[in-house]
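# A look at the structure
Each chain, written out:
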Amino acid sequence: GAAVEFDGVSKWYGNFQVLRDINLSIPQGSRIVLCGPSGSGKSTLIRCINQLERYQQGKIIVDGIHVTESHRSLDSIRREVGMVFQQFALFPHLTVLENCMLAPIHVRKMSAKDARALAIEHLEKVRITNQAEKYPSQLSGGQQQRAAIARALCVRPKIMLFDEPTSALDPEMVKEVLDAMVALAADGMTMVCVTHEMGFARRVADRVVFMDGGQIVEAAPPGEFFDSP
Ligand code: ADP
Ligand code: ADP
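A brief look at the structure comes next.

Criteria and cut-off values
Within any chain, residue numbers begin from 1 and follow the written order of that chain's sequence. Chains and ligands are labelled by the order in which they are written, letters from A for the one and numbers from 1 for the other. Under the rules for a predicted model, residues below a pLDDT of 70 receive no local features and side-chain atom pairs below 80 are neither given nor counted, while totals for whole chains, interfaces and linings still include all residues. Side-chain metrics rest on all non-hydrogen atoms present in the structure, leaving aside hydrogens and water. Paired rings are identified among Phe, Tyr and Trp, the last through its six-membered ring, by centres lying within 6.5 Å, and are further divided according to the angle between planes into stacked (under 30 degrees), edge-to-face (over 60) and tilted (the rest). Numbering goes from the N terminus for both helices and strands, where a helix is a DSSP run of H or I of at least four residues and a strand is a run of E of at least two. Relative accessible area decides the class of each residue, using a 1.4 Å probe on protein chains only: under 20% of the type maximum gives buried, over 50% gives exposed, and in between gives partly exposed. Pairs of cysteine sulfur atoms within 2.5 Å are identified as disulfides in what follows. Two strands form a pair only when DSSP identifies at least two bridges running between them. In this description, one arc is meant: the one made by directions from the helix axis to the C-beta atoms. Note on definitions: a residue-residue contact is assigned when non-hydrogen atoms from the two residues lie within 4.5 Å. Points on a 1 Å grid, built from protein atoms alone, make a cavity when a 1.4 Å probe fits but cannot get out and make a pocket when they are open with protein on both sides within 12 Å along at least 5 of 7 lines; residues with an atom within 4 Å of a point are the lining residues. Grid points are joined across faces, edges and corners, and a volume is the space filled by probe spheres set on the points. All amino acids are sorted into three groups, where Ala, Val, Leu, Ile, Met, Phe, Trp, Tyr, Cys and Pro are nonpolar, Asp, Glu, Lys and Arg are charged, and the leftover types, Gly among them, are polar.

What follows deals with the packing of aromatic side chains. Counted by the stated rule, this structure contains one aromatic pair. Here Phe-210 and Phe-225 contribute two aromatic rings whose centre-to-centre distance is 6.4 Å and whose plane-to-plane angle is 40°, an arrangement assigned as tilted. Here Phe-225 lies in helix α8 (residues 222–227) and Phe-210 lies in strand β9 (residues 207–212), a separation of 15 residues in the sequence. Among the residues examined, Phe-210 registers a relative accessible area of 26% and is labelled partly exposed. The class for Phe-225 is buried, based on a relative accessible area of 12%.

Now the structure itself:
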């Protein structure tokens, strides 16, 4: 089955319709890049996947779980789906290592020893083991974002969501974060990325989905998407 399935999903903020009849099937192991103008509903769409936003119409199924407003659904979804935000959202009073150990201990109920080993494994993948004992404020933006990716991966999610992960970074740090995302894609992770990095989309996406006014107006492989007239 699909990793994520949107079936006729609509959402309103008051009278304002932000999502209009979204139908989208995201196969396991695929990589979707969502693009489109600011305010078109991209962020809202991915935030509906892990229940950061509710929707009023249609149905979202994540790895067989119907995303409803129940706590049971919320708990399951948050274990399946990791998210990386524009602002790195690390806990400032915890070291990078402690940030990464938090979910394995509290969500996965791992021992501190196992959580530490898992955290170090993922910090190695994003190439910042040498920053493990530092606090977020001591890191560059690019390092913080890579730490945030490692932290999300420590939950062992099946799906990763990225909401403009490089938009808050200085240009020279964009590449190191995109490289970490490319590596994750190479590992076969299911990824849904809101990004304006079209080079990344071309290289990594199976499908580029273009949104406008709360609707999906085009969805095509990057070759077709970028080369269509
Ligand atoms: P994008 O990610 O494509 O920039 P968003 O999903 O962030 O778009 O927002 C889509 C539209 O919904 C925007 O017009 C935004 O102002 C509006 N919006 C977002 N969040 C809220 C909210 N909590 N209440 C009302 N309107 C909102
Ligand atoms: P971003 O561009 O990073 O997605 P936004 O500025 O669109 O951030 O939104 C920041 C926060 O404000 C979000 O939590 C969003 O839901 C909320 N928000 C955005 N637009 C509106 C709006 N028109 N009314 C109320 N809340 C909004």
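Now that the structure is up, let's keep going.
Before going further, it helps to examine the state of the cysteines. Scanning all chains against the criterion turns up zero disulfides. Among the cysteines around Cys-35, which has no disulfide bond, Cys-193 carries the closest sulfur, lying 11 Å off.

Attention now moves to the pairing of strand β3 (residues 31–35). For β3, the tally of buried residues reaches five of five residues, placing the bulk of the element in the interior. Note that β3 and strand β8 (residues 190–194) share four bridges and pair parallel. Looking at the pairing, Arg-31 lines up with Met-191 of β8. Relative to β9, β3 is paired through four bridges, and the arrangement is parallel. Note on β9: the bridge partner recorded for Val-33 is Val-208.

Our next topic: helix α2 (residues 71–80). Residues of α2 that are buried include every one of Ser-73, Ile-77 and Glu-80, and no others. For α2, the angular spread of the buried residues around the axis is 60°, confining them to a single face. Exposed side of α2, more than 90 degrees from the buried face: His-71 and Arg-72 are the residues found there. Each element contacted by the buried residues of α2 is listed here: α1 (42–49), β4 (57–62), β5 (65–66), β6 (81–84) and β7 (159–163).

What follows concerns the layout of surface pockets. There is about 480 Å³ of room inside the largest pocket. Taken together, 20 residues line the largest pocket, and the ones lying closest to its centre are Arg-78, Ala-103, Arg-151, Ala-152 and Val-155. Elements supplying a minimum of two residues to the lining of the largest pocket: α2, β6, α3 (96–106) and α5 (141–153). Residue classes in the lining of the largest pocket are distributed as twelve nonpolar, four polar and four charged. In terms of lining, the second largest pocket is formed by His-122, Lys-125, Val-126, Ile-149, Leu-153, Arg-156, Pro-157, Ala-180, Ala-183, Leu-184, Asp-187 and Met-189. Looking at the lining of the second largest pocket, the elements that each hand over two or more residues are α4 (112–125), α5 and α6 (171–186). Among the elements that make up the lining of the second largest pocket, the one with the highest residue count is α6 (three residues). Among the residues forming the lining of the second largest pocket, the class breakdown is eight nonpolar, one polar and three charged.

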